[in-house]
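In case you want the letters, here they are:
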Amino acid sequence: MTEIEGGPSVLGALLSAYAGKDAVRHRLLWTLDARLGRLVATTSEAMIGAIRLAWWSEALTDETGVKGRGEPLVDAMRREGIAPPPGLAEWLDGWEAMLGDIDLEAYAAGRGGGLFRSLAGDSDVPDWLIDAGAMWALWDLSGHASNAQLADQAVAHARQRLLAKAPVWPAAWRPMRIAYAMARHDIIRGKRGPGALTLRLYLRLMRIALTGR
């Protein structure tokens, strides 16, 4: 696959490596998530941000293939047959919830739930997968929020999204299982996520990938 400028987050790239035959699809989806995150982070006007997010929605849902042509990520997703991916509308709504007055619940269910639905490649997924994605998204936010109060609120909300019982994760959902388990390790301890992929976090990822916990 041709490398796309920006690419996925380091964590997203590592998780994609555990997606087997779906690795390219996962990497593109994580790249989109990173692009949307940068879009929101660099937008000071909520209305402008909403317009920019709407562009991605229109480009990825355009059946004619005209809108967004020439944008490398859009072109790559079309070649892979994942434009639009399942959960795109919720995913975009989740990121939009970070513009203006922040709505953590809408962000978590939208960004995390939409992303995990897209990674699963199916719109019809169990509620627990959406909750797992929401918890992961809040953990991720807690490690990158510059506002300490917002980071702590994200951790508190994430604790409410912890799965009551361990589900049976399909083998194809291994990357999401790893992501959830990494986040759960911190959230049950009331800790924020890390701001970058540390050696300790990398070793945790390896351990979870090997042992499942």
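Each value, and the rule that gives it
Residues numbered from 1 in each chain as written. Predicted model: local features only at pLDDT ≥ 70, side-chain atom pairs only at ≥ 80, totals over all residues. Heavy atoms only, no water. Helix = DSSP H or I, 4+ residues; strand = E, 2+ residues; numbered from the N terminus. Expected span 1.5 Å × (residues − 1). Buried < 20%, exposed > 50% of the residue type's maximum accessible area, 1.4 Å probe, protein only. Arc of directions from axis to C-beta. Salt bridge = Lys/Arg side-chain N within 4 Å of Asp/Glu carboxyl O. Polar contact = N/O pair within 3.5 Å; in protein donor to acceptor, adjacent residues only side chain to side chain. Core = buried A, V, L, I, M, F, W, Y, C linked by side-chain atoms within 4.5 Å. Contact = heavy atoms within 4.5 Å. Axes fitted to C-alpha atoms, helices over the stretch in contact; angles between N-to-C directions. Parallel < 35°, antiparallel > 145°, perpendicular 65-115°, else oblique. Left-handed = near helix turned anticlockwise from the far one by under 90°. Nonpolar A, V, L, I, M, F, W, Y, C, P; charged D, E, K, R; others polar. Patch = residues over 30% accessible without salt bridge, like charges linked within 9 Å, V, L, I, M, F, W, Y side chains within 5 Å. Areas by Shrake-Rupley, 256 points an atom, 1.4 Å probe, with all protein chains shown as cover. Lys, Arg positive; Asp, Glu negative; His and termini not counted. Charge placed at Lys NZ, Arg CZ, Asp CG, Glu CD. 1 Å grid on protein atoms, 1.4 Å probe; cavity = no way out; pocket = protein on both sides within 12 Å on 5 of 7 lines; lining within 4 Å. Points joined across faces, edges and corners; volume = space filled by probe spheres on them.

**Student:** Explain helix H10 (residues 199-211) here, please?
**Tutor:** The α-helix winds at 3.6 residues per turn, so residues separated by three or four positions along the chain end up facing the same way. An ideal rise of 1.5 Å per residue puts 18 Å on 13 residues; H10 measures up with 18 Å between its terminal C-alpha atoms. Turning to H10, its buried residues are Leu201, Arg204, Leu205, Ile208 and Ala209. One side of H10 carries all its buried residues, which in axial view fall inside an arc of 130 degrees. Turned more than 90 degrees away from the buried face of H10, the exposed residues are Leu199, Arg200 and Leu210. The first or second residue beyond H10 is Gly212, which carries a positive phi of 85 degrees.

**Student:** What is the right way to read the pattern of salt bridges from this model?
**Tutor:** It is possible for side chains bearing opposite charge to pair when their charged atoms get close. By the definition in use, this model includes 11 salt bridges. Note that Lys191 and Asp186 form a salt bridge whose closest N and O atoms lie 4.0 Å from each other. Assessed through its relative accessible area of 40%, Lys191 is described here as partly exposed. For Asp186, a relative accessible area of 2% corresponds to the buried category. We note a salt bridge from Asp186 to Arg204, for which the minimum N-O separation is 3.2 Å.

**Student:** Explain helix H6 (residues 104-120) here, please?
**Tutor:** Along its 17 residues, H6 runs 23 Å from first to last C-alpha, staying within 8% of the 24 Å computed at 1.5 Å per residue. Its side-chain oxygen placed 3.3 Å from the backbone nitrogen of Glu105, Asp103 serves as the N-cap of H6.

**Student:** Explain the nonpolar core here, please?
**Tutor:** One broad trend across soluble globular proteins is that nonpolar side chains are buried collectively. Ranked by internal contacts, the top residues of the largest apolar core, which has 64 residues, are Leu32, Trp56, Tyr107, Phe116 and Trp136. In terms of residues, this core owes the most to one element, helix H7 (residues 127-144), which gives 10 residues. Beyond its immediate sequence surroundings of up to four residues, Tyr107 is in contact with Gly94, Trp95, Ala97, Met98, Gly112, Ala137, Leu138 and Leu141.

**Student:** Is there a simple way to think about the packing of H6 against H7 in this case?
**Tutor:** The relative placement of two packed helices is expressed as an angle between their axes plus a distance between the axes. Between H6 and H7, the shortest axis-to-axis distance is 7 Å and the interhelical angle comes to 120 degrees. As far as their axial angle goes, H7 and H6 are oblique. Of the two elements, H6 crosses H7, and the hand of that crossing is right-handed. Contacts between H6 and H7 pair Leu104, Tyr107, Ala108, Ala109, Arg111, Gly112, Gly113, Leu115, Phe116, Arg117 and Ala120 from the former with Leu129, Ile130, Ala132, Gly133, Ala134, Trp136, Ala137, Leu138, Asp140 and Leu141 from the latter. Its residues placed into classes, the contact of H6 with H7 shows 15 nonpolar, three polar and three charged.

**Student:** For this particular structure, what's the right way to read the packing of helix H5 (residues 88-96) against H6?
**Tutor:** Running from N to C, H5 and H6 cross one another at 145 degrees; their axes reach a closest spacing of 7 Å. Where H5 crosses over H6, the handedness of that crossing is left-handed. Between H5 and H6, the residues in contact are Leu88, Glu90, Trp91, Gly94 and Trp95 and Ala106, Tyr107, Gly110, Arg111, Gly114, Leu115, Arg117 and Ser118, respectively. Broken down by class, the residue content of the contact of H5 with H6 amounts to six nonpolar, four polar and three charged.

**Student:** Help me out: how do you make sense of the side chain of Arg161 in this one?
**Tutor:** Tracing the backbone through its elements, the reader meets Arg161 in the loop between helix H8 (148-160) and helix H9 (174-187). A relative accessible area of 15% places Arg161 in the buried class. A distance of 2.6 Å separates the side chain of Arg161 from the side chain of Asp131, its partner in a polar contact. Ignoring any residue separated from it by four or fewer positions in sequence, one finds Arg161 in contact with Glu105, Ala109, Asp131, Ala134, Met135 and Leu138.

**Student:** Would you mind going over a positive patch on the surface with me for this structure?
**Tutor:** On the surface, a cluster of positive charge is contributed by Arg184, Arg189, Arg207 and Arg213. For Arg184, the position within the fold is in helix H9. In this structure Arg184 comes out as partly exposed when scored by relative accessible area, which is 39%.

**Student:** Please explain the layout of surface pockets as it appears in this structure.
**Tutor:** In this approach the atoms are scanned with a rolling probe the size of a water molecule, which exposes any empty space left behind. In this structure, the largest pocket occupies an estimated 690 Å³ of space. In terms of lining, the largest pocket is formed by 32 residues, of which the most central are Gly37, Trp95, Arg111, Asp140 and His144. When residues of the lining of the largest pocket are traced back to their parent elements, those giving at least two are helix H1 (10-16), helix H2 (23-41), H6 and H7. For the lining of the largest pocket, the element with the most residues is H2, which contributes seven residues. Of the residues belonging to the lining of the largest pocket, the class tally is 20 nonpolar, seven polar and five charged. When its volume is computed, the second largest pocket comes out at roughly 330 Å³. Tyr180, Ala181, Arg184, Gly212 and Arg213 are, among the 17 residues lining the second largest pocket, the residues nearest its centre. The leading source of residues in the lining of the second largest pocket is H9, at five residues. A breakdown of the residues in the lining of the second largest pocket according to their chemical character gives nine nonpolar, two polar and six charged.

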